[in-house]
Amino acid sequence: MLARVVGRGCNLDLIIDDIQAELRGRPHELVPVAGGWQHRTRKQFADAIRTAIGASEQDSALSASEMQVLLCIAYYQPITRGELGQFFGKEISRDVTGQLRRLGLIGSGPRAPRPGALHTYLMTKTFLAQFGFDTLRDLSDMQALKDARLLSKDELFAGDILPGEGSDDE
C-alpha cells in the first residue's frame, strides 16, 4: 500500500527507516508483523489506553488452557485435535479450538495423512499480529528447543521425550 502512495520506484526500506526514526520517543511505533508492517501503540502505554476506553486486560485475555493449546499449535503445526490431546494427556474440547478459530488465531491446515483425513490446525496472520511476531521464527528459540529434542512431535508422541529428561549440564 505504501508503494502505491509513494511510487514503486522508491526505496521502501529507507522510507520505513525514516518513519521509524520519526516515531522514536513517541507513544506509537511501526513494527514488522506477519510479513508486513503495523502502526501501533507502544506496550508501555497499554494500561493507560485500556483505562481510557474502560476495558480491562481480562476483556481480551485468553484462558490458560486456550493459551497452552495455542502455543502447542504454534510449535507443532500442522497438528490435529487428537495430537493435541496426546500432548496434554486429555481430550481437547472442540470449544477451545472453536474459540481460537473464532478469534482468528488458528485456521485449518492440510488434512492429516492418516485414515479419516483428520483436520489439522495452523497459526494465522492474526496470531502473528496479536502477539507481535513477524514470523513464527520469532517464537522462543525454536532451533535450540529442537536441538534439545523438545519440539520433535514424533518423539513426543512416541513417548521418547519425558518431562525433566535431559543432560546433567542443562
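Check the entry above for the structure.
Quick caveat, the model's predicted, so the values are computed rather than measured.

S.K.: Summarise the packing of aromatic side chains; cite the residues concerned and give the values.
M.R.: Overall, the coordinates contain four aromatic pairs when judged by the stated rule. Relative to Phe87, the ring of Tyr76 has its centre 5.5 Å away and its plane inclined at 55°; by these criteria the two rings are tilted. Of the two residues, Tyr76 is situated in helix 5 (residues 64–76) and Phe87 in helix 6 (residues 81–88); the sequence distance between them amounts to 11 residues. Overall, Tyr76 belongs to the buried group, its relative accessible area being 7%. Assessed through its relative accessible area of 32%, Phe87 is described here as partly exposed.

S.K.: Residues and numbers for the side chain of Thr120, please.
M.R.: Checked against the element boundaries, Thr120 lands in the loop between strand 3 (106–108) and strand 4 (121–123). Looking at Thr120, its side chain comes within polar contact range of the main-chain oxygen of Pro110, at 2.4 Å. When near neighbours in sequence (up to four residues on either side) are disregarded, Thr120 contacts Pro78, Ile79, Thr80, Gly107, Ser108, Gly109, Pro110, Arg111 and Ala112.

S.K.: So what's going on with unusual backbone geometry? Residues and values would help.
M.R.: Look at the link from Gln77 to Pro78: it is a cis peptide, with omega at -10°. Topologically, Pro78 is positioned in the loop between helix 5 and helix 6.

S.K.: Before we move on, could you go through the pattern of salt bridges and cite the residues and values that matter?
M.R.: Pairing is possible between side chains that carry opposite charge, provided their charged atoms lie close to one another. Evaluated as defined, the whole model comprises four salt bridges. Across the salt bridge formed by Glu29 and Arg40, the nearest N and O atoms sit 3.7 Å from each other. In this pair, Glu29 is assigned in strand 1 (residues 28–33) and Arg40 in strand 2 (residues 36–41), connecting sequence segments 11 residues apart. Looking at Glu29, the relative accessible area reads 17%, which means it is buried. Note that Arg81 and Glu91 form a salt bridge whose closest N and O atoms lie 3.4 Å from each other. Taken as a pair, Arg81 in helix 6 and Glu91 in the loop between helix 6 and helix 7 (94–102) lie far apart in primary sequence, 10 residues in all.

What counts, and where the lines are drawn
Residues numbered from 1 in each chain as written. Predicted model: local features only at pLDDT ≥ 70, side-chain atom pairs only at ≥ 80, totals over all residues. Heavy atoms only, no water. Phe/Tyr/Trp six-rings, centres within 6.5 Å; stacked < 30°, edge-to-face > 60°. Helix = DSSP H or I, 4+ residues; strand = E, 2+ residues; numbered from the N terminus. Buried < 20%, exposed > 50% of the residue type's maximum accessible area, 1.4 Å probe, protein only. Polar contact = N/O pair within 3.5 Å; in protein donor to acceptor, adjacent residues only side chain to side chain. Contact = heavy atoms within 4.5 Å. Salt bridge = Lys/Arg side-chain N within 4 Å of Asp/Glu carboxyl O.

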